Amino acid sequence: MPALLALAFVAFVSLGLPDGVLGVAWPAVRGSFDVRMGALGALSIGLGAGYVLSSFFAGRLVSRFGVGTVLWASAGCAAAGLALHAGAPVWWLFAAGAPVIGLGSGAVDAALNVYVARTFSARQVNWLHACYSIGATLGPILMAASIQRAGSWRTGYAALGGLLLVLALLFGITRGRWGGASTSPAVEGAGAAFRHPMVRLQMAAFFVYTGLEATLGQWAFTILTELHQVPAPRAAGEVAAYFGAIAIGRILLGFVVEKAGVDRLVRWSSWGAAAGAALFAFGPGEAARAAGLVLAGLALAPIFPCLMSRTPVRLGEERAVHAIGFQVSAATVGAALLPALGGLLGEAWGLRAVALEAAALAALFALLHERLLRA
């Protein structure tokens with residue numbers, strides 16, 4: 001078990017590495033293939049579609065083949081997609097790598113969450129998701145170093161692909177230790193699990209949560225610089241503090257989650273996030289808005305991992321195999337759609353409407369969690 005826990009920590013770091021890399025590499029990639037700026041949208045759609053598809057059906061795959069098999073095959077798929085990015089001689093082949101990465105990453109994400117939610121404590125699940133945040137921080141740094149030192153974005157993608165390939169090999173070596181396919185006739189089908197009211201309620205909670213986290217993360221810099229005239233370097237630091245609070249919060253709150261109680265901690269965190277988002281939207285000055293952003297990040301930190309850790313308890317382990325995949329899928333859709341909604345609101349009513357959207361999403365999540373507690 002300690003060896004698998006260590007491998008799970010490494011896996012969550014590796015899972016976070018590709019996130020954020022495209023934004024750093026895109027100017028160089030676009031120049032290499034001479035494509036229009038809007039082509040980035042096609043990559044995002046392909047990546048997101050693959051992620052949603054594989055995570056949604058991950059429960060079926062885990063039930064049929066076992067966690068270990070899904071992990072090594074999916075990590076290999078993600079490595080293949082990154083290899084396509086690294087070696088593509090033409091644009092369409094580079095673009096084809098995006099859904100391949102999404103298919104692999106989505107299944108790895110869901111399968112790992114299935115395993116850790118039913119195997120590890122809430123404390124360890126928080127630390128595992130902190131590893132994801134660390135990986136998401138390191139990935140863009142690796143790509144930037146590749147472009148600056150090696151003079152090529154291809155080297156960065158090749159390095160990431162190599163790391164995912166090593167991870168796939170490690171999953172393959174340990175495949176039998178993650179648990180095999182389920183042979184129990186009591187396993188509930190994916191369709192029946194999807195129709196369960198509690199499953200749908202949890203999907204809604206994950207949809208709103210990740211939409212809130214992504215909306216604040218993607219729009220805070222623009223809101224600070226264009227709406228409130230905060231200098232760009234200072235605004236960048238405040239946004240970095242938001243992301244840092246999420247990572248650090250998962251580490252620190254992991255020490256207290258079991259003593260405080262998972263449900264109690266999520267309740268405190270949900271209302272803390274609502275307070276932070278409201279302070280960011282309505283704060284009387286820059287210091288108040290910056291404090292609200294950090295408070296929101298710190299409060300959001302334990303919510304995703306704690307909700308995941310509670311899923312087998314709320315739904316039963318057999319139903320949770322499917323539900324966790326649905327939750328990862330709903331989270332991915334929320335992270336894509338709700339920040340996009342912010343863009344539409346911003347165009348129609350100005351950037352203040354985006355900050356108000358974040359505050360409304362935070363309040364909605366807190367209410368959804370109260371409904372979960374009463375269910």
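My aim in this report is to walk through the structure given alongside it, one point at a time. (Residues numbered from 1 in each chain as written. Predicted model: local features only at pLDDT ≥ 70, side-chain atom pairs only at ≥ 80, totals over all residues. Heavy atoms only, no water.)

Further remarks concern the overall build of the chain. For the chain, the count of helices and strands is 17 helices and zero strands. Relative to the 2.2 N^0.38 estimate, which gives 21 Å for 375 residues, the radius of gyration of the chain is 20 Å and therefore close to what a compact globule would have. (Helix = DSSP H or I, 4+ residues; strand = E, 2+ residues; numbered from the N terminus. Rg over C-alpha atoms; globule rule 2.2 N^0.38 Å.)

Time to look at helix H8 (residues 153-173). When the terminal C-alpha atoms of H8 are compared, their 31 Å separation across 21 residues agrees well with the 30 Å that a helix rising 1.5 Å per residue should span. Taken residue by residue, H8 has Trp-153, Gly-156, Tyr-157, Leu-160, Gly-161, Leu-164, Leu-167, Ala-168 and Phe-171 as its buried positions. Seen along its axis, H8 keeps its buried residues to an arc of 130°; they face one direction. Relative to its buried face, H8 has exposed residues pointing more than 90 degrees away, namely Leu-169 and Ile-173. (Expected span 1.5 Å × (residues − 1). Buried < 20%, exposed > 50% of the residue type's maximum accessible area, 1.4 Å probe, protein only. Arc of directions from axis to C-beta.)

Time to look at unusual backbone geometry. For Asp-34, which is not glycine, the phi torsion reads 55° and is therefore positive. Within the element layout of this structure, Asp-34 appears in the loop between helix H2 (21-33) and helix H3 (39-56). Within the chain, Gln-229 stands out as a residue other than glycine whose phi angle is a positive 60°. By secondary structure assignment, the location of Gln-229 is in the loop between helix H10 (197-227) and helix H11 (232-253).

Looking now at the packing of aromatic side chains. Per the counting criterion, the structure on display carries 20 aromatic pairs. Pairing Phe-206 with Phe-304 gives two aromatic rings, centres 5.1 Å apart and planes at 90°, and the pair type is edge-to-face. With Phe-206 in helix H10 and Phe-304 in helix H15 (residues 303-315), this pair connects stretches of sequence that are 98 residues apart. With respect to class, Phe-206 is no different from Phe-304; both count as buried. (Phe/Tyr/Trp six-rings, centres within 6.5 Å; stacked < 30°, edge-to-face > 60°.)

Here helix H14 (residues 286-300) contains 15 residues, and its C-alpha end-to-end distance of 21 Å stays within 8% of the 21 Å for a straight helix at 1.5 Å per residue. Considered for burial, the residues of H14 that qualify are Ala-288, Arg-289, Ala-290, Gly-292, Leu-293, Ala-296, Gly-297, Ala-299 and Leu-300.

Their axes nearest at 8 Å, the elements helix H13 (residues 262-282) and helix H17 (residues 352-374) cross at an angle of 165°. Accordingly, the angle class assigned to the pair H13 and H17 is roughly antiparallel. Viewed along their axes, H13 and H17 form a crossing whose handedness is left-handed. Looking at side-chain class alone, the contact of H13 with H17 contains 19 nonpolar, two polar and four charged residues. (Axes fitted to C-alpha atoms, helices over the stretch in contact; angles between N-to-C directions. Parallel < 35°, antiparallel > 145°, perpendicular 65-115°, else oblique. Left-handed = near helix turned anticlockwise from the far one by under 90°. Nonpolar A, V, L, I, M, F, W, Y, C, P; charged D, E, K, R; others polar.)

A few words now on the packing of H11 against H14. At a closest axis distance of 7 Å, the pairing of H11 and H14 adopts a crossing angle of 30°. As far as their axial angle goes, H14 and H11 are roughly parallel. The handedness of the crossing between H11 and H14 is right-handed. In this structure, H11 uses Arg-234, Glu-238, Val-239, Ala-241, Tyr-242, Ala-245, Ile-246, Gly-249 and Leu-253 to contact H14, whose residues at the interface are Glu-286, Ala-290, Leu-293, Val-294, Ala-296, Gly-297, Leu-298 and Leu-300. Here the residues of the contact of H11 with H14 sort into twelve nonpolar, two polar and three charged. (Contact = heavy atoms within 4.5 Å.)

Looking now at the nonpolar core. One recurring pattern in soluble globular proteins: nonpolar side chains tend to sit buried together. Tyr-157, Trp-178 and Leu-216 are the most contacted members of the largest nonpolar core, which totals 114 residues. Non-local contacts of Trp-178, meaning those with residues more than four positions away in its chain, are made with Leu-4, Leu-7, Ala-8, Val-67, Gly-68, Leu-71, Leu-112, Tyr-115 and Phe-171. (Core = buried A, V, L, I, M, F, W, Y, C linked by side-chain atoms within 4.5 Å.)

What follows concerns the environment of Phe-94. Tracing the backbone through its elements, the reader meets Phe-94 in helix H6 (residues 91-119). Separated by 118 residues in the primary sequence, Phe-94 and Leu-212 place their C-alpha atoms 31 Å from one another. Excluding residues that lie within four positions of it along the chain, Phe-94 makes contacts with Val-29, Phe-33, Leu-43, Leu-84, His-85, Ala-88, Trp-153 and Tyr-157.

With that settled, consider the pattern of salt bridges. Throughout the structure, instances matching the rule amount to four salt bridges. For Glu-286, the salt bridge is made with Arg-234, and the minimal N-O distance between the two is 2.8 Å. Taken as a pair, Glu-286 in helix H14 and Arg-234 in helix H11 lie far apart in primary sequence, 52 residues in all. Overall, Glu-286 belongs to the partly exposed group, its relative accessible area being 23%. In this structure Arg-234 comes out as partly exposed when scored by relative accessible area, which is 45%. In this structure, the salt-bridge partner of Asp-263 is Arg-314, at a minimum N-O distance of 3.1 Å. (Salt bridge = Lys/Arg side-chain N within 4 Å of Asp/Glu carboxyl O.)

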